[in-house]
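The chain contents come next:
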Amino acid sequence: MTGPDSAPVEDRRDSWEGPIPVPTGANTEFWAATLEGELVYQQCEECGTAQLYPRAVCTGCGVVGPPFETSSGVGTVYSYTVCHVPGEPGFGDRTPYVVAAVDLEEGPRLLALVDCEPADVEIGSAVAVTFWQVSDEAALPVFVPH
Ligand SMILES: [Zn+2]
């Protein structure tokens, strides 16, 4: 199902030492899409709210099971932080690393790693998604300068 617009998925199953997402409930479809290089979000047909991460109900109006749409994977950095002290086990040899709140062009905002030097990111930077596959079930959305 990998479409022409899907992002690259890099296999890091042998080297990743950080946390591994466990697909469950409302986020099952989200993680399945990551393995195909697609970043999906929920777009409520009732009130128009676009949300990430996936939830069982719309945060805008409470409707159950808002449907998924595929994002272009392109966004801008709303805010970011440079982590010098690892916030999770397995990140120790990765510092300093960049974590950003990224506004996708479709509207939803998500927190994600930005794979670049801290000097190469600033508020408003254009970024695009790529994926690091960390298990048989999930690939982490990671952004790179675009
Ligand atoms: Zn809604």
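Since this is a predicted model, take the numbers as computed values, not measurements.

About the cut-offs
- For every chain, the first residue of its written sequence is number 1, and the numbers climb from 1 along that sequence.
- Local features in this predicted model are restricted to residues whose pLDDT is 70 or higher, and side-chain atom pairs enter the listing and the counts only when it is 80 or higher, whereas totals over whole chains, interfaces and linings include all residues.
- When DSSP locates at least two bridges between a pair of strands, those strands are taken to pair.
- Runs of E in the DSSP output that reach at least two residues are strands. Runs of H or I that reach at least four are helices, and both are numbered from the N terminus.
- UniProt positions are given in the numbering used here, feature names are shortened, and annotations may be inferred rather than shown by experiment.
- Partly exposed residues are those falling between the two cut-offs: more than 12 but fewer than 20 other C-beta atoms within 10 Å of their own, whereas 20 or more means buried and 12 or fewer means exposed, with C-beta atoms placed from the backbone.
- By the convention adopted here, residues are in contact when the distance between their C-beta atoms, placed from the backbone, does not exceed 7 Å.
- Put simply, a nonpolar core is buried Ala, Val, Leu, Ile, Met, Phe, Trp, Tyr and Cys residues tied into one set by C-beta atoms within 7 Å.
- Each residue carries a pLDDT score, the predictor's own confidence in it, on a scale running from 0 to 100.

**Let's talk about the pairing of strand β8 (residues 126–133)**
- In this sheet, β8 lies alongside strand β1 (residues 9–11) in parallel orientation, the contact comprising three bridges. Paired with E10 across the bridge in β8 is W132.
- Examined bridge by bridge, strand β5 (residues 74–83) and β8 share three bridges and lie antiparallel to one another. Bridging from a neighbouring strand, T76 pairs with A126 of β8.
- Sheet topology note: the β8/strand β9 (residues 139–145) ladder contains seven bridges and is antiparallel. Bridge pairing in β9 places V129 opposite F143.
- A loop of five residues connects β8 with β9, the two strands running antiparallel in sequence.

**Some thoughts on the UniProt feature "domain: ChsH2 C-terminal OB-fold" (unreviewed entry) in the chain**
- Per the UniProt annotation, the sites labelled "domain: ChsH2 C-terminal OB-fold" (unreviewed entry) are residues 70–131.
- In the segment residues 70–131, helix accounts for 0% and strand for 50%; the C-alpha atoms at its two ends are 15 Å apart.

**Observations regarding the environment of V134**
- Position of V134 among the secondary structure elements: in the loop between β8 and β9.
- Note on V134: 21 C-beta atoms within 10 Å, which makes it buried.
- Here the alpha-carbon distance between V134 and G75, two residues 59 residues apart in the chain, equals 23 Å.
- Setting aside anything within four residues of it in sequence, one finds V134 in contact with R12, R13, W16, I20, A139 and L140.

**Section: the nonpolar core**
- In this structure, A100, V102 and V114 are the most contacted members of the largest nonpolar core, which totals 22 residues.
- When contributions to this core are tallied by element, the ones reaching two or more residues are β5, β6 (97–104), β7 (109–114), β8 and β9.

**Quick word on the environment of L110**
- On the secondary structure map, L110 appears in strand β7.
- The spacing of L110 and Q51 is 59 residues in sequence and 8.8 Å in space, taken between C-alpha atoms.
- Apart from residues lying up to four places away in sequence, L110 is in contact with L52, Y53 and V102.

**Re the confidence of the model for the chain**
- On average, residues of the chain score 93 in pLDDT, and 97% of them reach the 70 mark or higher.
- At the low end of the mean pLDDT range in the chain sits β7, at 95; at the high end sits β8, at 98.

**Notes on the sheet that holds strand β3 (residues 50–51)**
- Read from one edge to the other, the open sheet built from three strands follows the order β3-β2-β4, with strand pairing classed as antiparallel. Pairing within the sheet leaves two strands with one partner each, and these edge strands are β3 and β4 (68–70).
- In the sheet, strand β2 (residues 40–43) pairs with β4 via three bridges, with the strands oriented antiparallel. Counterpart to V40 in the pairing with β4 is T70.

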